[in-house]
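What follows is the residue order along each chain.
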Amino acid sequence: MLGGLALAAAAALAGVVPAAAQTSLKFTLDWVFQGPTSPFLVALDKGYYKAEGLDVTMDPGQGSAGAVQRVATGAYDIGFADVNSLIEYNAKNAGKEVLCVFMAYDFPPFGVHTLKKTGIAKPADLAGKKLGAPVFDASYRLFPAFAKKVGLDASTVQFVNLTPQLREQSLVQGSVDFITGHYFSSVLDLEARGVKPEDIVSFNYSDYKMDVYGNGIIISPALAAKPDVVKGFLRATAKAWKEVAANPAIGIAAAAKRDPLLDQKLEARRLDLSLKMNVLTPYVKENGMGDVDPARFARSVKDVAEAFGLPTAPDPDKVFSGKYLPPKAERMVAP
């Protein structure tokens with residue numbers, strides 16, 4: 001008996017949580033395993049979640065709207081998804097809101113991408129053209145909002161539902177005229193298929209006065225009632241993001257473990273782009289990762305609700321909460 005107590009005490013001192021105390025969590029990404037989301041994999045591989053008493057399983061996704069649905073239905077406890085898809089879901093599901101608790105992409109990566117050979121040189125040229133995208137893709141879901149900003153009648157665009165694996169290839173082959181997608185995903189995937197950078201035409205939504213946020217960590221209503229579990233997950237994740245920001249190579253190695261066919265050079269570029277453009281923004285460098293600017297977030301909720309044609313905008317406090325965040329010092333992830 002005494003020996004068992006001594007072992008338990010030693011484990012506690014070492015920061016190891018006994019297996020019996022582990023809380024199981026199912027986590028869904030919004031997309032396939034790639035460089036930008038590798039910090040989650042690093043936290044998993046290095047045992048940071050386990051040290052918080054969490055037994056985390058992690059699955060890829062096929063788009064943000066799908067990730068929101070997975071968490072909303074309880075199929076997954078926690079996920080990584082576009083907050084704008086969350087705004088739409090919460091507006092339509094009062095009383096069953098899914099909460100964003102950690103903003104990862106302070107600057108949005110959404111956009112439309114095409115090739116010079118299509119003749120599309122400005123947003124107005126998209127009228128009457130064929131758009132290819134996964135139906136759950138965040139940039140696709142926000143396309144009507146982009147169209148409204150640029151004065152384009154979105155109803156004139158023909159939509160072709162594609163799997164993530166076929167999106168860029170379909171554009172290269174000419175079966176669609178343009179695609180939607182995260183900048184760091186679509187542009188680099190086109191280059192990987194032999195397209196020269198100068199032959200790619202991109203319209204990034206943020207360049208057209210769409211001041212919205214990007215992806216964040218979302219939790220189910222059931223998990224929201226377990227603050228210690230959520231706080232532990234966020235602590236572990238912030239720790240890993242800080243390490244990846246300082247040494248991106250560890251993120252690429254973690255992603256390559258999940259996908260042996262991964263183009264590591266390509267993913268290193270993708271991770272570098274996401275860190276520079278979406279994560280390590282001036283706001284994050286000053287305030288730490290994970291939180292939002294309240295006034296900006298409130299404006300974005302109103303703008304997204306209007307763009308989606310929602311009857312009312314959800315209360316910003318029912319879309320994002322900072323109460324689970326680690327202290328600011330633990331969220332200062334910029335190298």
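Just so we're clear, the structure is a prediction, and the values are computed from it rather than from any experiment.

### Some words on the overall build of the chain
- Each helix and strand counted, the chain has 15 helices and 10 strands in total.
- Its C-alpha atoms give the chain principal-axis dimensions of roughly 75 × 45 × 35 Å.
- Long-range contacts, defined as pairs at least 24 residues apart, comprise 81% of the intrachain contacts of the chain with a sequence gap of at least 6.
- Carbon and sulfur atoms make up 56% of the accessible area of the chain, which totals about 14400 Å².
- Taking the average place of the 37 positive charges on the side chains of the chain and the average place of its 35 negative ones, the gap between the two points comes to 1 Å.

### Things to note about the packing of aromatic side chains
- What the rule picks out here adds up to 16 aromatic pairs.
- Taking 5.4 Å as the distance between ring centres and 85 degrees as the angle between the ring planes, the aromatic pair formed by Phe146 and Tyr208 counts as edge-to-face. Of this pair, Phe146 sits in helix H7 (residues 143-150) while Tyr208 sits in the loop between strand S9 (200-204) and strand S10 (215-219), and the two are 62 residues apart along the sequence.
- Its relative accessible area of 27% is what places Tyr208 among the partly exposed residues.
- The structure contains a cluster of three or more aromatic residues connected by ring pairs, namely Phe27, Phe40, Tyr49, Phe80, Tyr105, Phe184, Phe233 and Trp241.
- Positioned above the aromatic ring of Tyr76 is the side chain of Lys26, whose terminal nitrogen or guanidinium carbon lies 4.5 Å from the ring centre.
- Above the plane of the ring of Phe308 lies Arg141, whose end atom (NZ or CZ) is 5.8 Å from the centre.

### Some details on the nonpolar core
- Phe27, Phe40, Tyr49, Phe80, Ile217, Phe233 and Leu234 are the most contacted members of the largest nonpolar core, which has 48 residues in total.
- The leading source of residues in this core is helix H11 (residues 227-246), at 10 residues.
- Non-local contacts of Tyr49, meaning those with residues more than four positions away in its chain, are made with Phe40, Ala43, Leu44, Leu54, Val56, Met58, Phe233, Ala236 and Thr237.

### A few points about helix H12 (residues 248-258)
- Among the residues of H12, those classed as buried are Gly251, Ile252, Ala254, Ala255 and Ala256.
- Contact partners of the buried residues in H12: helix H2 (38-45), H11 and helix H13 (264-279).

### Notes on the sheet that holds strand S4 (residues 99-103)
- Strand order in this open sheet of 5 strands is S2-S1-S3-S10-S4, and the pairing throughout is mixed. The sheet is open, and its two edges are formed by strand S2 (54-59) and S4, each paired on a single side. Adjacent strand axes in the sheet meet at a mean angle of 30 degrees, parallel and antiparallel pairs treated alike.
- Two strands pair when backbone bridges link them, and strand S3 (residues 78-82) and S10 are joined in this way by 5 bridges, in the antiparallel orientation. The residue of S10 that forms the bridge with Gly79 is Ile218.
- Here H2 sits on the sheet and contacts strand S1 (23-28), S2, S3 and S10; the angle it forms with S2, its principal contact strand, is near 140 degrees.

### Quick notes on the sheet that holds strand S7 (residues 158-161)
- The mixed open sheet is built from 5 strands, whose spatial order is S7-S6-S8-S5-S9. Every interior strand has two partners, whereas the edge strands, S7 and S9, have only one. Pairs of neighbouring strands in the sheet enclose a mean axial angle of 25 degrees, with direction left out of account.
- Pairing of strand S5 (residues 111-115) with S9, which is carried by 5 bridges, proceeds in the antiparallel orientation. When the bridges of S9 are listed, Thr114 appears paired with Val201.
- Seen against the sheet, helix H9 (residues 183-192) touches S5, strand S8 (178-180) and S9 and runs at an angle of roughly 175 degrees to S9.

### Observations regarding the packing of helix H5 (residues 83-92) against helix H15 (residues 294-307)
- The interhelical angle for the contact between H5 and H15, taken along N-to-C directions, is 65 degrees, at an axis separation of 10 Å. For the pair H5 and H15, the crossing hand works out as right-handed. Mapping the contact onto sequence places Val83, Asn84 and Ile87 in H5 and Phe297, Ser300, Val301 and Val304 in H15.
- Of the residues belonging to the contact of H5 with H15, the class tally is 5 nonpolar, 2 polar and no charged.

### Considerations on the packing of H11 against H12
- With their axes 5 Å apart at the nearest point, H11 and H12 run at an angle of 110 degrees to one another. On the basis of their axis angle, the class for H11 and H12 is roughly perpendicular. Between H11, through Glu243, Val244, Ala245 and Ala246, and H12, the contact on the second element is made entirely by Pro248, Ile250 and Gly251.
- In terms of residue class, the contact of H11 with H12 is made up of 5 nonpolar, 1 polar and 1 charged.

### Considering the side chain of Asn215
- Relative to the assigned elements, Asn215 resides in strand S10.
- Discounting residues that sit within four places of it in the chain, Asn215 has contacts with Asp30, Ser64, Phe80, Ala81, Asp82, Val83, Met103, Ala104, Tyr105, Phe110 and His182.

### Some remarks on unusual backbone geometry
- Even without being glycine, Lys209 reaches a positive phi, approximately 65 degrees.
- Tracing the backbone through its elements, the reader meets Lys209 in the loop between S9 and S10.
- Of the residues examined, Lys209 reaches a relative accessible area of 72% and is grouped as exposed.

### Comments concerning the pairing of S4
- Burial of S4 is extensive: 5 of the 5 residues sit out of reach of the surface.
- As paired strands, S4 and S10 are joined by 4 bridges and run antiparallel to one another. In the sheet register, Phe102 faces S10, and the bridge partner there is Ile217.

Definitions and cut-offs
- Residues numbered from 1 in each chain as written.
- Predicted model: local features only at pLDDT ≥ 70, side-chain atom pairs only at ≥ 80, totals over all residues.
- Heavy atoms only, no water.
- Helix = DSSP H or I, 4+ residues; strand = E, 2+ residues; numbered from the N terminus.
- Contact = heavy atoms within 4.5 Å.
- Areas by Shrake-Rupley, 256 points an atom, 1.4 Å probe, with all protein chains shown as cover.
- Lys, Arg positive; Asp, Glu negative; His and termini not counted.
- Charge placed at Lys NZ, Arg CZ, Asp CG, Glu CD.
- Phe/Tyr/Trp six-rings, centres within 6.5 Å; stacked < 30°, edge-to-face > 60°.
- Buried < 20%, exposed > 50% of the residue type's maximum accessible area, 1.4 Å probe, protein only.
- Lys NZ or Arg CZ within 6 Å of the ring centre and 35° of its normal.
- Core = buried A, V, L, I, M, F, W, Y, C linked by side-chain atoms within 4.5 Å.
- Pairing = 2+ DSSP bridges.
- Axes fitted to C-alpha atoms, helices over the stretch in contact; angles between N-to-C directions.
- Left-handed = near helix turned anticlockwise from the far one by under 90°.
- Nonpolar A, V, L, I, M, F, W, Y, C, P; charged D, E, K, R; others polar.
- Parallel < 35°, antiparallel > 145°, perpendicular 65-115°, else oblique.

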